[in-house]
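Spelled out, the chains give:
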Amino acid sequence: QVQLVESGGGLVQAGGSLRLSCAASGSIFSVNAMDWYRQAPGKQRELVATITSGGSTTYADSVKGRFAISRDNAKNTVWLQMNSLKPEDTAVYYCNFKLKTTGWGPIYNYWGQGTRVTVSS
């Protein structure tokens, strides 16, 4: 069984910073992409940032230049450094791992429990 545990959310003023983390534990053979999504009240979940196993990153236009995603493959952990936060960044943030539990098995999609980020104006 694989579990993803997130931490780092909270309340911050506009212009401030937060760092989210997501660590996976359990029977993991390898992790491909690690993603951060967010879902604001009344809105659909959206992809915020992706980092591949090779370290390539992509970002939503709304967070480019402000957010940075990074990972530690040995620790099966991903971080999201969020700077210059805006009220519109307020959402529940979820990590998503695409991983294999065996070398020959399929790729599974696992989600964290979500961590709330609130940015006050």
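In what follows, the structure referred to is the one given above.
Every chain begins its residue count from 1, and numbering advances along the sequence as written. Restriction of local features to residues with pLDDT of at least 70 applies here, the model being predicted, together with a cutoff of 80 or more for giving and counting side-chain atom pairs; totals for whole chains, interfaces and linings are based on all residues. Values shown for side chains rest on all heavy atoms present in the structure; no hydrogens or waters enter the calculation.

Draft legend 1. Summary view of the overall build of the protein chain. Secondary structure follows DSSP: runs of H or I at least 4 residues long count as helices, runs of E at least 2 residues long count as strands, and numbering of each begins at the N terminus. A count of helical and extended segments in the protein chain gives 0 helices and 11 strands. As defined in this context, the radius of gyration uses C-alpha atoms, and a globule is described by 2.2 Å times the residue total to the power 0.38. A compact globule built from 121 residues should have a C-alpha radius of gyration of about 14 Å, and the protein chain, at 14 Å, falls within 12% of that. When its C-alpha atoms are laid out on the principal axes, the protein chain stretches across 50 × 25 × 25 Å. A buried classification covers 43% of the 121 residues belonging to the protein chain. Residue contacts follow a heavy-atom distance rule, with two residues in contact if any of their heavy atoms lie within 4.5 Å. Within the protein chain, contacts between residues separated by at least 24 positions form 55% of all contacts whose residues are at least 6 apart in sequence. Split by element, the accessible area of the protein chain, about 6300 Å² in all, is 49% carbon and sulfur. Charged residues are defined narrowly, with Lys and Arg counted positive, Asp and Glu counted negative, and His plus the chain ends left uncounted. Lys charges are placed at NZ, Arg charges at CZ, Asp charges at CG and Glu charges at CD. The distance from the centre of the 12 positive side-chain charges to the centre of the 7 negative ones in the protein chain is 3 Å. The cut-offs for exposure are 20% and 50% of the maximum accessible area for each residue type, with area from a 1.4 Å probe on protein chains only; residues under the lower value are buried, those over the upper are exposed, and the others partly exposed. Under the convention used here, a 1.4 Å probe and the Shrake-Rupley method define accessible areas, while residue burial counts only the protein chains that appear.

Draft legend 2. Representation of unusual backbone geometry. You will see that asparagine 76, though not glycine, has its phi angle at about 50°, which is positive. Along the chain, asparagine 76 turns up in the loop between strand 7 (67-72) and strand 8 (77-82). With a phi close to 50°, serine 84 is a non-glycine residue in the positive phi region. The residue serine 84 is located in the loop between strand 8 and strand 9 (91-100) in this model. With a relative accessible area of 41%, serine 84 lands in the partly exposed category.

Draft legend 3. Quick peek at the environment of glycine 16. If you trace the backbone, glycine 16 turns up in the loop between strand 2 (10-13) and strand 3 (18-26). Given a relative accessible area of 18%, glycine 16 falls into the buried group. In this structure the C-alpha to C-alpha distance between glycine 16 and glycine 105, which are 89 residues apart in sequence, comes to 42 Å. When near neighbours in sequence (up to four residues on either side) are disregarded, glycine 16 contacts Met82, Asn83, Ser84 and Leu85.

Draft legend 4. The pairing of strand 3, seen in detail. Note: strand 1 (residues 2-7) against strand 3, 6 bridges, orientation antiparallel. Within strand 3, the residue paired with serine 7 across the bridge is serine 21. In the sheet, strand 3 pairs with strand 8 via 6 bridges, with the strands oriented antiparallel. Note that in strand 8 the partner of alanine 23 across the bridge is threonine 77. In short, DSSP must find at least two bridges between two strands for them to pair.

Draft legend 5. How the structure looks around the nonpolar core. One finds Trp36, Val78, Leu80, Met82, Tyr93 and Phe97 to be the most contacted residues of the largest nonpolar core, which totals 30 residues. Of all the secondary-structure elements, those providing two or more residues to this core are strand 1, strand 3, strand 4 (30-39), strand 5 (46-51), strand 7, strand 8, strand 9 and strand 11 (115-120). Here the element with the most residues in this core is strand 9; it accounts for 5 residues. Only buried residues count toward a nonpolar core, which is a set of Ala, Val, Leu, Ile, Met, Phe, Trp, Tyr and Cys residues joined through side-chain atoms within 4.5 Å.

Draft legend 6. Molecular detail of the side chain of threonine 115. Of note, threonine 115 is situated in strand 11. Among the polar contacts made by the side chain of threonine 115, one reaches the main-chain amide nitrogen of glycine 9 at a distance of 3.1 Å. Throughout this description, a polar contact denotes any pair of N or O atoms lying within 3.5 Å of each other; where both atoms belong to protein, one of them has to be capable of donating a hydrogen while the other can accept it, and for residues adjacent in sequence the pair is counted only when both atoms sit in side chains.

Draft legend 7. Seen up close, the state of the cysteines. Note on terminology: pairs of cysteine sulfur atoms within 2.5 Å are recorded as disulfides. Tallied over the full model, the rule gives 1 disulfide. Bridging cysteine 22 to cysteine 95, the disulfide has an S-S length of 2.0 Å. Its S-S torsion of about 55° marks the bond between cysteine 22 and cysteine 95 as right-handed, since a negative value means left-handed. Of this pair, cysteine 22 sits in strand 3 while cysteine 95 sits in strand 9, and the two are 73 residues apart along the sequence.

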